[in-house]
Amino acid sequence: MKNGFLKHDPQDLSPQYLEDLATGYWFSEVLFTAVEAGLFTLLAGGGMRAAEIAAALGFDPAGTERFLNALCTLGLLGRNGDVFFNTRLSDTYLVGGREHYQGNSILWRKYLRESWRGLRECLEAGGRVAYPPPEESGENMRRRVEMYIRAMDDVAGTKVREILPVFEGVFGTGRILDVGAGSGAVAAGFLQCFPGLTATLVDLPEVLEFAKGMLEERGLGGRFTCHPANILEPDALPEGPFELVILSNIVHAYSEREIALLLSRAAGCLGAGGYLLVHDFFPEHRPEKAALLDLNMLINTYNGRVLSAGWVREELEARGLCCTEPVPLRTDTALVIAARDAGALGRLRLAPEQRLISRIRSLGFREVRSIPAAEVHVPDWVDLRCRYGCENYGRPHCPPHTPPPEKTRAALRDFSTALLLEGEPPARDFQRRVLAAEREAFRTGYYKALAFWAGPCAFCPSCPESGPCRHPGEARPSMEGCGIDVYETVRRAGLSLRTLQDRRDYVKYFALLLLE
Ligand SMILES: C[S@@+](CC[C@H](N)C(=O)[O-])C[C@H]1O[C@@H](n2cnc3c(N)ncnc32)[C@H](O)[C@@H]1O
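Residue numbers run consecutively from 1 along every chain, following the written order of its sequence. Side-chain atom pairs in this predicted model are given and counted only at pLDDT of 80 or more, local residue features only at pLDDT of at least 70, and totals for whole chains, interfaces and linings cover all residues. To get the side-chain values, take all heavy atoms of the structure and skip hydrogens and water.

- The chain goes by O-methyltransferase-like protein in an unreviewed UniProt entry, where it is assigned to Thermacetogenium phaeum.

Structure follows, in structure tokens:
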């Protein structure tokens, strides 16, 4: 697990990753059981002993102690002697009734487990095989819809808190249109933050019935209207203009053809200075999560599929809108924001470094990580490895023609940030992408942007026999040639790099882009 997320490292050939994938459900089951039993809510009042917890939950005491120990190792409980207590994480997100509660969403994941068991049948059939029973009672359906809405509400509540800072100070008075609003939590976040806004929520009638109650509970009665409709119908969306049109987690719900139509209609509702906000799972942000959600759509919907942020941007640009690059949230989703003119996008609070990282990532790097420039490690031994043991020693962009470690250390003090760019062979393509990233940074205003790559320059098949480099404007030195310990610097950025054992090993390339 890296950064709390099960992530494959192609250089890691131990079978541990497979074991972790295979036992993924052990982790889920422990969480589901604890949430369903209300364990964290029970402990909200203070720590308890295993026997007391077992008695309160109706569990066997011996098994309970082992269960509580497992939760401690997962960081969901702490232990002081024989007393178990909530950690900060579980106290914030897993105590029923608290503002940031995620239990409904977690239990919805548990509910979906049944349909995921049919993955193989879905693959054989080419799509969804499990449907709610046709004879399902009205009451059952109501309960299922409520469960779904409450699950979406938990997640959307946390997402909108991440989204709002991007719009800080942007809206005065105006109207929001929330398309496929679910619980209305995203619109509600905007209403709470911008008292001059009102909202129209569009969703199916049975969903809006719940959304209405939930917004009223949030004290937003009188500031929203519900517009029950099937958003796939041509005239489903109410008449604009709207200052903000929200499409949150709806792009993955249908096919490209249907979403292209929906984007057209949503764009048509936009006021002159308005924004279209698309919030979704995109492969550009979290490829693994996006691909698994795509399977979730295969299993659980008629024709839903995950579309890329690039596709969304192209569709919106084809309709005359200007778009931001994908704006990653700290969590597993990202935004694309569109407007009729670029000036409106300029009013958004998008951190320049974050925007640059998105653009650089879209050049085809596997990872782009930012670290303080002071974290780049320049010990005194590295250029000796070039001098003794590298056949490229003496080439125009290798030692002794590259800056010695003391010069590199001094230069690094003139920069605040270093981006580590991870890619793969062929070396020439990688190095071209690094140059493109450096140019992109320069164009964005980082006039000191300076790139180093790993390994010797691969621009030409060979350097001139004598004399200077043929392409001094394109060639860059390697990190190691300037004294940088690439392995340690990569590790400090939270990434990994191993020495190669044999020819079949997966090769990773890294480059460093210094910014100020
Ligand atoms: C994944 S949820 C997202 C809800 C909300 N926007 C959020 O971010 O929490 C998708 C929503 O779209 C609604 N929806 C899907 N298809 C629809 C349709 N054809 N007409 C109206 N609403 C639809 C669903 O009822 C659901 O509330």
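Having put the structure on the table, let's press on.
Concerning the overall build of the chain
Right, on to step 1. A helix here means a DSSP run of H or I that spans at least four residues, while a strand means a run of E at least two residues long, and both kinds are numbered starting from the N terminus. From N to C terminus, the chain includes 20 helices and 15 strands.
Right, on to step 2. Summarising its shape, the C-alpha atoms of the chain cover approximately 85 × 65 × 45 Å along the three principal directions.
Right, on to step 3. Relative accessibility thresholds used throughout: buried, under 20% of the residue-type maximum; exposed, over 50%; partly exposed, between the two (1.4 Å probe, protein chains only). The 516 residues of the chain split such that 47% are buried.
Right, on to step 4. Contacts are residue-level and defined by heavy atoms, with any inter-residue pair within 4.5 Å sufficient. The long-range share in the chain, meaning contacts at least 24 apart out of those at least 6 apart in sequence, stands at 71%.
Right, on to step 5. As displayed, the chain has an accessible area near 25400 Å², and 53% of this comes from carbon and sulfur atoms. Where accessible areas are quoted, they stem from the Shrake-Rupley method and a 1.4 Å probe; at the residue level, only the protein chains shown are allowed to cover.

Some details on the pairing of strand β3 (residues 83-86)
Right, on to step 1. Going residue by residue along β3, you find Phe84 and Asn86 tucked away on one face and Val83 and Phe85 left uncovered on the opposite face.
Right, on to step 2. The pairing of strand β1 (residues 48-49) with β3 spans 2 bridges and is classified as antiparallel. When the sheet's bridge partners are listed, methionine 48 is paired in β3 with phenylalanine 84.
Right, on to step 3. Two strands qualify as a pair provided that DSSP identifies no fewer than 2 bridges between them. Alignment of strand β2 (residues 77-80) against β3, held across 4 bridges, turns out to be antiparallel. When the bridges of β3 are listed, arginine 79 appears paired with phenylalanine 84.
Right, on to step 4. Two successive antiparallel strands, β2 and β3, enclose a turn made up of 2 residues, where glycine 81 displays a positive phi of approximately 65°.

Observations regarding the side chain of asparagine 296
Right, on to step 1. Mapped onto the elements of the fold, asparagine 296 is located in helix α13 (residues 287-300).
Right, on to step 2. By relative accessible area, which is 9% here, asparagine 296 ends up buried.
Right, on to step 3. Polar contacts here mean pairs of N or O atoms no more than 3.5 Å apart (in protein, one a potential hydrogen donor and the other a potential acceptor; neighbouring residues in sequence count only if both atoms are side-chain atoms). A polar atom in the side chain of asparagine 296 sits 2.8 Å from the side chain of tryptophan 116.
Right, on to step 4. Not counting residues within four places of it along the chain, the set of residues in contact with asparagine 296 comprises Leu112, Trp116 and Thr301.

Comments concerning the domain arrangement of the chain
In many reports, interface size means the accessible area that the parts give up when they come together.
Right, on to step 1. Throughout, the edges of the domains are those of an automatic or database domain assignment. Along its sequence, the chain is organised into domain 1 (15-94), domain 2 (138-350) and domain 3 (359-515).
Right, on to step 2. If you average the C-alpha positions of domain 1 and of domain 3, the two centres end up 45 Å apart.

Here's the deal with the packing of helix α7 (residues 103-116) against helix α9 (residues 138-163)
Right, on to step 1. The axes used here are C-alpha line fits, helices contributing only the stretch in contact, and every angle between their N-to-C directions lies in the interval 0 to 180 degrees. Orientation of α7 relative to α9, taken along the N-to-C sense of each, is 125°, at an axis distance of 7 Å. It follows from the interaxial angle that α7 and α9 lie oblique. Relative to α9, α7 is oriented so that their crossing is left-handed. Contacts between α7 and α9 pair Gly103, Asn104, Ser105, Leu107, Trp108 and Tyr111 from the former with Arg144, Met147, Tyr148, Arg150, Ala151, Asp154 and Val155 from the latter.
Right, on to step 2. In the scheme used here, Gly and all other residues not listed as nonpolar or charged are polar, with Ala, Val, Leu, Ile, Met, Phe, Trp, Tyr, Cys and Pro taken as nonpolar and Asp, Glu, Lys and Arg as charged. For the contact of α7 with α9, the class distribution of residues is 7 nonpolar, 3 polar and 3 charged. By the definition adopted for this analysis, an angle is roughly parallel if under 35 degrees, roughly antiparallel if over 145, roughly perpendicular if from 65 to 115, and oblique otherwise. By convention, the crossing between two helices is left-handed when the near helix turns anticlockwise from the far helix through less than a right angle, and right-handed when the turn is clockwise.

Quick word on the UniProt feature "domain: O-methyltransferase dimerisation" (unreviewed entry) in the chain
Right, on to step 1. UniProt positions are given in the numbering used here, feature names are shortened, and annotations may be inferred rather than shown by experiment. Per the UniProt record, the feature "domain: O-methyltransferase dimerisation" (unreviewed entry) sits at residues 20-95.
Right, on to step 2. Taken end to end, residues 20-95 comprises 63% helix and 13% strand; its first and last C-alpha atoms sit 28 Å apart.

Observations concerning the site of the ligand
Right, on to step 1. Close to the ligand lie 17 residues; Met152, Gly180, Asp203, Ser248 and Tyr254 are nearest.
Right, on to step 2. The side chain of asparagine 230 places a nitrogen or oxygen atom 2.8 Å from a nitrogen atom of the ligand.
Right, on to step 3. Taken by itself the ligand offers 590 Å² of open surface, and the protein chains cover 90% of this.
Right, on to step 4. Sorting elements by how many residues they give to the shell around the ligand places α9 first, with 3 residues.
Right, on to step 5. Of the residues in the shell around the ligand, the class split is 11 nonpolar, 5 polar and 1 charged. It suffices for a single heavy atom of a residue to lie within 4 Å of a molecule or strand for the residue to be listed as near it.

Some words on the nonpolar core
Right, on to step 1. Counting residues in each nonpolar core, the largest one holds 38 residues, and the members touching the most others are Phe167, Phe190 and Tyr275.
Right, on to step 2. Secondary structure elements with two or more residues in this core: α9, α10 (185-193), β5 (197-203), α11 (205-217), β7 (242-248), β8 (270-280), β11 (334-339) and α15 (342-346).
Right, on to step 3. Considering every element that reaches this core, the biggest residue donor is α10, with 6 residues.
Right, on to step 4. Sequence-distant contacts of phenylalanine 190, defined by excluding residues within four places in its chain, comprise Val160, Ile163, Leu164, Phe167, Phe171, Ile176, Leu197, Leu244, Ile246 and Leu277.
Right, on to step 5. Here, nonpolar core means buried Ala, Val, Leu, Ile, Met, Phe, Trp, Tyr and Cys residues that are tied together by side-chain atoms lying within 4.5 Å of each other. Listed in part, the 34 residues of the second largest apolar core include Val251, Ile259, Ala267 and Leu316.

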